[in-house]
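Spelled out, the chains give:
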Amino acid sequence: MIELQNVDLLTPGFVKRAPILLDANVVFGTGERIGILAAPGSGKSSLARLLSGIDHPDRGTVKHSGRVSWPINFAGYLHPELSVLENISIFARLVGVSPTSVTDFCRETFGIGHLFARQMKDLPPTQRALLSYACAMSIEGPATWIADETITVGEPRDRAVCDSVLADRLKEGGLIFLSRNARQLTAYCDRFLVLLNRRLVSCDDLKVAQQALDLSLMPLMNDERSARYAQL
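Worth saying up front: this structure is predicted, and the values here are computed from it rather than measured. (Residues numbered from 1 in each chain as written. Predicted model: local features only at pLDDT ≥ 70, side-chain atom pairs only at ≥ 80, totals over all residues. Heavy atoms only, no water.)

A.B. asks: Looking at this structure, how should I read the sheet that holds strand 4 (residues 59–64)?
C.D. replies: Backbone hydrogen bonds are what pair the strands of a sheet, in a parallel or an antiparallel way. The antiparallel open sheet is built from 3 strands, whose spatial order is 2-1-4. Unpaired on one side and paired on the other, strand 2 (19–28) and strand 4 mark the two borders of the sheet. Strand-to-strand, the axes of this sheet are offset by a mean angle of 20 degrees, without reference to chain direction. Here strand 1 (residues 2–10) runs beside strand 4; their pairing, made up of 5 bridges, is antiparallel. Residue pairing for strand 4: Ile2 is matched across the bridge by His64. (Pairing = 2+ DSSP bridges. Helix = DSSP H or I, 4+ residues; strand = E, 2+ residues; numbered from the N terminus. Axes fitted to C-alpha atoms, helices over the stretch in contact; angles between N-to-C directions.)

A.B. asks: Sorry, what's going on with the nonpolar core here?
C.D. replies: Most often, soluble globular proteins have nonpolar side chains that are buried together. Cys106, Phe110 and Leu131 are the most contacted members of the largest nonpolar core, which totals 50 residues. The element contributing the most residues to this core is helix 4 (residues 125–137), with 7 residues. Excluding anything up to four places from it in sequence, Leu131 contacts Leu78, Val84, Ile88, Cys106, Ile112 and Met120. By size, the runner-up hydrophobic cluster in this structure holds 24 residues, among which are Ala24, Val26, Phe28 and Leu51. (Core = buried A, V, L, I, M, F, W, Y, C linked by side-chain atoms within 4.5 Å. Buried < 20%, exposed > 50% of the residue type's maximum accessible area, 1.4 Å probe, protein only. Contact = heavy atoms within 4.5 Å.)

A.B. asks: What am I meant to see in the packing of helix 2 (residues 84–95) against helix 4 here?
C.D. replies: The relative placement of two packed helices comes down to the angle between their axes together with the axis-to-axis distance. Contact geometry of helix 2 with helix 4 gives a least axis separation of 11 Å together with a crossing angle of 35 degrees. Seen along the crossing, helix 2 lies across helix 4 with a hand that is right-handed. For the pair helix 2 and helix 4, contact is made by Val84, Ile88 and Phe91 and by Leu131, Cys135 and Ala136, respectively. (Left-handed = near helix turned anticlockwise from the far one by under 90°.)

A.B. asks: Explain the pattern of salt bridges here, please?
C.D. replies: Any two side chains of opposite charge can pair, on the condition that their charged atoms come close. If you walk through the whole model with that rule in mind, you get 12 salt bridges. Taking the shortest distance from any N to any O, the salt bridge between Asp23 and Arg59 comes out at 3.4 Å. With Asp23 in strand 2 and Arg59 in strand 4, this residue pair connects regions lying 36 residues apart in the sequence. The class of Arg59 is partly exposed, set by a relative accessible area of 39%. Across the pair Arg157 and Asp158 runs a salt bridge whose closest N-O atoms are separated by 3.4 Å. Residue class for Arg157 comes out exposed when judged on its relative accessible area of 54%. (Salt bridge = Lys/Arg side-chain N within 4 Å of Asp/Glu carboxyl O.)

The values are spatial; any link to function lies outside them.
Structure representation (structure tokens):
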């Protein structure tokens, strides 16, 4: 379970920090599959890091009960100058599991043992994405899984493995899936929230939520167009 109590979250940085989330009071129950519809650039990744416990709120409290996953699409810990194996070891220490369990999972489930000696900077984007996915999903036992926009990665064979692993993990665990894609959220989730005007609002109809989200962005889009025209 994850509970937000009077939570404010601001954009990272030291100056001109804009609010992402204001006065949020939400409970994500154990085993629930919850989709959060959010516009591009609205702070989905920051919210995913907050829910997973990587980041802390600027105000309020986030309570975790049970294991919470590393965000599936978050690869900020991967250091380009280190080897894949060294990066896996860092990840294992960050989440408090055995490096051997992570390397075994990456090798046996996703078949990426041949990458272990390579430097991270030499991997193409698809392989980096697959590695970060494998690390996040290597956690065993019931958990709340956090997915930031991406829920499967790689080539078709890799995506099939991702689907199989995720289905197995969700037999006992829950899911919080943040995405701009309402159709994708509907495929994986059965309760929905929308990040609208810096509030997490419950919704029963994602089509209506998508329309409300689009309408909320129109003034911002018009302001951006006006600024561009002023520079011409």
